[in-house]
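If you want the building blocks of each chain, they are given just below.
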Amino acid sequence: MVKLDNVTEGVLDVINDNKFSQTGAFNLRENGTSICHGDSEHIKIKKKTDKPGIDIYIDGKTDGEAVYIPVVLSKSGMTDLVYNDFYVEDGADVRIVAGCGIHNSGCNDGIHTFHVGKNANVRYEEKHYGEGNGTGARVLNPVTNIFVGENSVFTLDTAQIKGVDSTVRETNVELGKDAKLYVTERLMTDGDQKAES
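Q: Could you clarify how one ought to interpret the environment of M78 in this entry?
A: Among the secondary structure elements, M78 is positioned in strand β7 (residues 78–88). In the structure, M78 is positioned 26 residues away from N104 in sequence and 10.0 Å away in space, judged by C-alpha atoms. What M78 contacts, discounting residues up to four positions off in sequence, is N31, G32, L73, S105, G106 and C107.

Q: Mind showing me how you'd approach the pattern of salt bridges here?
A: Two side chains of opposite charge can pair, provided their charged atoms sit close to one another. Evaluation of the coordinates by the stated rule reveals 10 salt bridges. Here R95 makes a salt bridge to E125, at a shortest N to O gap of 2.9 Å. Here E125 lies in strand β11 (residues 121–131) and R95 lies in strand β8 (residues 93–97), a separation of 30 residues in the sequence. What makes E125 buried here is its relative accessible area of 17%. Between E125 and R123 there is a salt bridge, with the nearest N and O atoms lying 2.8 Å from each other. Three or more residues joined by partner-sharing salt bridges are found here, namely R95, R123, E125, D157 and R186.

Q: Could you clarify how one ought to interpret helix α1 (residues 6–15) in this entry?
A: Every α-helix carries 3.6 residues per turn, so stepping three or four residues along brings you back to the same face. Of the residues making up α1, those classed as buried are T8, V11, L12 and I15. In an axial view of α1, the angular spread of the buried residues amounts to 100°, which keeps them on one side of the axis. Close packing links the buried residues of α1 with β1 (25–30), β6 (71–73), β9 (100–103) and β11. Its side-chain oxygen 3.2 Å from the backbone nitrogen of V7, D5 forms the N-cap of α1.

Q: So what exactly am I meant to see when it comes to the nonpolar core here?
A: For soluble globular proteins, nonpolar side chains are generally found buried alongside one another. With 24 residues, the main nonpolar core has I58, V67, I96, F114 and F154 as its most contacted residues. For this core, the elements supplying multiple residues, two or more each, are β3 (43–47), β4 (53–58), β7, β8, β10 (106–116), β11, β13 (143–148) and β14 (153–162). Among residues more than four places away in sequence, those in contact with V67 are A25, F26, I43, I45, V94, R95, I96 and V97. Listed in part, the 12 residues of the second largest apolar core include L4, F26, V97 and Y129.

Q: Can you help me understand the layout of surface pockets in this one?
A: A probe matching the size of a water molecule, rolled over the atoms, marks out where space remains unfilled. Taken as a whole, the largest pocket spans an internal volume of roughly 230 Å³. Along the walls of the largest pocket sit 19 residues, with R29, S34, K47, G53 and I54 positioned nearest its centre. Those elements giving two or more residues to the lining of the largest pocket turn out to be β1, β2 (33–38), β3, β4 and β7. The class makeup of the residues in the lining of the largest pocket is 7 nonpolar, 7 polar and 5 charged.

Q: Please explain the packing of aromatic side chains as it appears in this structure.
A: The way to describe two aromatic rings as a pair is by their centre distance and the angle between their planes. For the coordinates displayed, the defined rule picks out 6 aromatic pairs. Here the aromatic rings of F20 and F26 are separated by 5.9 Å at their centres, their planes lie at 85°, and the arrangement is edge-to-face. Among the residues examined, F26 registers a relative accessible area of 5% and is labelled buried. With a centroid separation of 4.4 Å and an interplanar angle of 10°, the aromatic rings of F86 and F114 are classed as stacked. Here the residue F86 occupies a position in strand β7, and F114 occupies one in strand β10, the gap between them amounting to 28 residues. Its relative accessible area of 0% is what places F86 among the buried residues. Taking the relative accessible area as the measure of exposure, F114 reaches 0% and is therefore buried. The lysine or arginine in question, K51, covers the ring of Y83, its NZ or CZ lying 4.5 Å from the ring centre.

Analysis parameters
Throughout, residues of each chain are indexed from 1 in the direction in which the sequence is written. Whole-chain, interface and lining totals are the exception, using all residues; otherwise, since this is a predicted model, local features are given only for residues with pLDDT of at least 70 and side-chain atom pairs are given and counted only at 80 or more. Side-chain measures here rest on the full set of heavy atoms in the structure, leaving out hydrogens and waters. Helix and strand labels come from DSSP, where a helix needs a run of H or I of at least four residues and a strand needs a run of E of at least two; each type is numbered from the N terminus. It only takes one pair of heavy atoms within 4.5 Å for two residues to be counted as in contact. A carboxyl oxygen of Asp or Glu within 4 Å of a side-chain nitrogen of Lys or Arg is what we treat as a salt bridge. For the exposure calls, accessible area comes from a 1.4 Å probe over protein chains only, and a residue counts as buried if that area is under 20% of its type's maximum, exposed if over 50%, partly exposed in between. Working note: the arc is built from the helix axis to C-beta atom directions. Throughout this description, a polar contact denotes any pair of N or O atoms lying within 3.5 Å of each other; where both atoms belong to protein, one of them has to be capable of donating a hydrogen while the other can accept it, and for residues adjacent in sequence the pair is counted only when both atoms sit in side chains. Residues belong to one nonpolar core when they are buried, are Ala, Val, Leu, Ile, Met, Phe, Trp, Tyr or Cys, and are joined through side-chain atoms within 4.5 Å. A cavity, in this analysis, means grid points on a 1 Å lattice covering only the protein atoms where a 1.4 Å probe fits yet has no way out; a pocket is instead an open set bounded by protein on both sides within 12 Å along at least five of seven lines, and a residue lines either one if it has an atom within 4 Å of a point. Grid points are joined across faces, edges and corners, and a volume is the space filled by probe spheres set on the points. All amino acids are sorted into three groups, where Ala, Val, Leu, Ile, Met, Phe, Trp, Tyr, Cys and Pro are nonpolar, Asp, Glu, Lys and Arg are charged, and the leftover types, Gly among them, are polar. Aromatic contacts are taken between Phe, Tyr and Trp rings whose centres are within 6.5 Å, Trp giving its six-membered ring; a plane angle under 30 degrees counts as stacked, one over 60 as edge-to-face, and the others as tilted. Over a ring means this: the NZ of a Lys or the CZ of an Arg is within 6 Å of the ring centre and within 35 degrees of the ring normal.

Have a look at this one:
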């Protein structure tokens, strides 16, 4: 088990609702590097070899399991570009909990792509959050690509909590026959902050 500093633990408590622990299937990315990860019986996480990011393989026997993949930027002025691909087999029922927290200033451009098989149920939860006293901007520009197979259900539940100075969110969806998509998106801004979806 990797010892986390107070800043990282505090950000994780916000973006993962105090539920992140180094058990089951998880991957924690901090300041551009994966610092700890674990697999479960039905969910395997592999580091990409050609670019930054991970591949998450969710087998068809997954039933109500959650996988946590948070990102924390605590070094000021850092830019982190990451590619995460999810491969969900036919019949899987899974909850994916993501999120990015920036302490002080920095930029995260996360590109998440979901390949969902038939008769699956996927819930993807993502929270974005900024904090700290730095004068630099906290920027989050996520891209989400979702390919949903026949008769599957995909629920996208995203929230920008506070502290993000600028965000442009791009979501692309392709639905198979009789597939369903449910979307809840909440973008909170304050002062001169800007959000575009």
